[in-house]
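# Geometric and topological summary
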Amino acid sequence: MTQRGASAQRFERALQWLAWAMAGLMTLAAIAYALDVPRRLSLALYTEQYLALILALTLGTAFLKYPAFKGRLRLIDLACALAGFGAAFYIALFYPVLVNELVYRPLDGKIISVVIALLTIEAVRRATGWGLTVVVAAFMLYGLFGHLLPFAMSRQLLWDRLFIYVVADTNGMLGLPLMVASIVVYAFILMGQVLQASGGSAFFNDLAMAVVGRAKGGAAKIAVVSSFLFGSVSGSAVANVVASGVVTIPMMKRSGYSPKFAAATESLASTGGQLAPPIMGAAAFLMAEFLQISYATVVLAAVIPTALYYFSIFLYVHIHATAQGLTIPEDVEIPRVRDVLRDGWHFILPFVILIGTLFWLNWRPELSALAAAGSLTLLALVVPYRGAKPSVRDLLGVIPGTGFGVVEIIAISAAAGMVIGVLNITGLSFSLTLQLVQMAAGNLFVLLLIAALVSIVLGMGMPTVGVYVLLASLIGPALVRAGIDPIAAHMFLLYFGMLSMITPPVALASFTAAAISGSKPMETGFQAVKMGWVAYLIPFMVVLEPGLVMQGAWQDIAWNGAGAIAGIVFATGAIYGYIWRPLRLWERAALIVLGIVALLPVQVIAETSHLPNALALALGGALLLYIRRPLAMA
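The paragraphs below set out a description of the structure included in this document.

## So, the pattern of salt bridges
Under the counting rule described, the total for this entry stands at 15 salt bridges. One salt bridge connects E12 with R74, and the closest N-O pair in it is separated by 2.8 Å. Placement of E12 in helix α1 (residues 3-34) and of R74 in helix α4 (residues 74-101) is noted, with a sequence separation of 62 residues between them. Across the pair R125 and E122 runs a salt bridge, and its minimum N-O distance is 2.8 Å. Of this pair, R125 and E122 are both found in helix α5 (residues 107-128), 3 residues apart, which corresponds to roughly one turn of the helix. According to the relative accessible area criterion, R125 is partly exposed, its value standing at 24%. When salt bridges that share partners are traced, they join E12, R74, D77, E122, R125 and R126 into one network.

## Things to note about the side chain of H490
Turning to its location among the elements, H490 is positioned in helix α23 (residues 486-499). Among all residues touching H490, those that are not within four sequence positions of it are M287, F290, L291, Y468 and A472.

## What to know about helix α28 (residues 585-599)
Over its 15 residues, α28 extends 21 Å from the first C-alpha to the last, a length consistent with the 21 Å expected when each residue adds 1.5 Å. Buried within α28 are the following residues: E587, L591, L594, G595, A598 and L599. All buried residues of α28 lie within an arc of 125° about the axis, which places them on one face of the element.

## Some thoughts on helix α27 (residues 554-576)
Between its terminal C-alpha atoms α27 stretches 33 Å, which fits the 33 Å expected from 23 residues at 1.5 Å a residue. Within two residues after α27, G577 carries a phi angle of roughly 90°, on the positive side.

Reading the values: the criteria
- Residues numbered from 1 in each chain as written.
- Predicted model: local features only at pLDDT ≥ 70, side-chain atom pairs only at ≥ 80, totals over all residues.
- Heavy atoms only, no water.
- Salt bridge = Lys/Arg side-chain N within 4 Å of Asp/Glu carboxyl O.
- Helix = DSSP H or I, 4+ residues; strand = E, 2+ residues; numbered from the N terminus.
- Buried < 20%, exposed > 50% of the residue type's maximum accessible area, 1.4 Å probe, protein only.
- Contact = heavy atoms within 4.5 Å.
- Expected span 1.5 Å × (residues − 1).
- Arc of directions from axis to C-beta.

Printed below as a string of structure tokens:
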């Protein structure tokens with residue numbers, strides 16, 4: 001090896017070490033702040049100082065983790081990392097002074113604001129691609145030049161005022177999204193990292209295999225259950241696909257499922273993890289803060305929509321397996337539930353601690369997550385699973401690993417704060433709300449269709465967190481102003497933001513699963529849409545009938561839930577064309593109509609009684625008995 005090559009290797013190792021150090025420091029800072037260590041040490045810190053520190057470490061780590069250059073040009077990555085770290089750390093150090101001086105737009109405030117804004121946009125581009133990057137850049141350009149547009153809904157702003165407000169104000173980058181991501185979401189990602197390092201993903205796969213592995217079509221059902229279990233911890237669709245799909249997709253293919261079907265099943269099940277209680281995804285914590293409600297209320301609101309989502313996938317998989325006669329390969333050993341729980345009980349205890357402290361002791365979410373992570377760490381060191389225990393080094397690796405894992409979410413949250421800042425300082429948020437309400441002309445259904453379309457378009461290629469923050473800022477106020485229950489309105493936006501992960505032309509979860517299965521990405525995306533058809537109706541159902549998000553009398557909640565389940569059974573069988581036997585054309589048509597009527601709250605849409613829903617349930621049940629009869633007589 002030449003001297004130049006050796007020097008290049010040493011330089012690359014030094015950059016990797018620096019990235020690990022920054023990521024580790026970020027996690028330690030997050031743990032210390034969640035445990036209120038600064039106050040215990042009598043250090044008076046603004047929350048914004050902590051957020052600026054996390055942003056500094058994130059920018060430093062991002063440019064080293066996602067390099068854009070090679071060779072000597074890696075110095076540019078290092079320069080960007082140091083500049084981003086230095087500018088944000090400057091705010092962390094001098095925020096108590098800057099907070100009183102920024103209104104006068106001092107030179108140092110101008111410089112650091114421009115540096116942080118530009119480097120945050122570039123960090124988002126490197127971490128997530130062009131989707132969110134273009135959106136943030138467009139909003140910044142609108143803040144600078146929007147007053148020149150013929151449809152301008154804002155006043156002229158000085159460039160320095162815009163950048164300082166967007167970067168350093170609590171209504172901008174140092175605002176709600178970054179605060180939730182840096183404090184609450186960080187702790188739950190730490191818990192997920194500990195769970196994965198200690199063998200939790202293997203336990204979830206084994207548990208799913210033990211519960212449904214012996215059922216008809218067991219391989220696909222294992223994928224659904226394991227992705228639900230792991231997705232409720234990871235809260236990331238793509239991460240869930242990668243963690244579960246490498247095991248479940250090959251198993252489904254060996255069982256006779258086509259690569260397209262296997263990938264679609266995994267992407268659907270993994271995407272739903274972002275709505276799966278008790279942890280859900282990062283967007284759920286943001287929803288709680290946006291609406292100023294407890295996280296427990298958000299979790300409760302997600303129970304029925306999540307149950308309907310996974311029931312529809314499970315049912316489609318069951319019908320497909322029945323129609324095709326698919327079973328799990330004989331050489332796959334199915335463990336017993338009792339054995340899995342006996343060997344992996346220590347993976348369940350942290351969830352008991354999490355739920356108990358969060359819902360009964362009313363601890364802050366970040367403290368509950370840290371308690372669960374701490375208990376799991378201790379148990380993993382002394383209790384083996386499958387005869388193996390993680391080493392101390394493996395668990396220590398979680399500290400920098402979590403830092404690397406949150407870089408994308410922190411960068412997205414900072415960028416989302418920039419968008420919110422532009423909306424606030426230009427007055428665009430208020431103007432857009434009025435424009436959307438006027439566009440709908442008082443028609444709630446039209447407003448919901450507009451919101452759904454915008455949600456899917458904005459979500460193309462963007463992570464769910466970024467999509468939800470944008471939608472909650474742009475469209476959320478219009479939905480609430482139109483008289484929709486706030487929880488239902490935000491659940492509508494969260495759901496459609498999530499669905500962008502499986503909806504072509506840019507469906508990140510579907511495309512990731514397709515890469516594992518070897519299927520064509522677009523075909524996989526459309527297969528996922530077909531299988532998950534009910535997911536596109538649930539948001540409308542939630543808005544029209546808030547009982548589905550636990551808002552209302554228990555009788556209404558039970559009635560709406562039962563009607564939705566029956567409607568899913570009718571319509572899913574009709575879409576596939578099989579329930580116990582192949583369906584005739586008139587049977588499929590009748591079941592589709594009866595399923596939609598049973599699903600939707602007709603009493604709200606047509607302002608009638610529950611009679612249409614009741615008739616649909618009765619007629620659908622009678623038709624199922626008719627379909628079943630020839631099989632029973634045979």
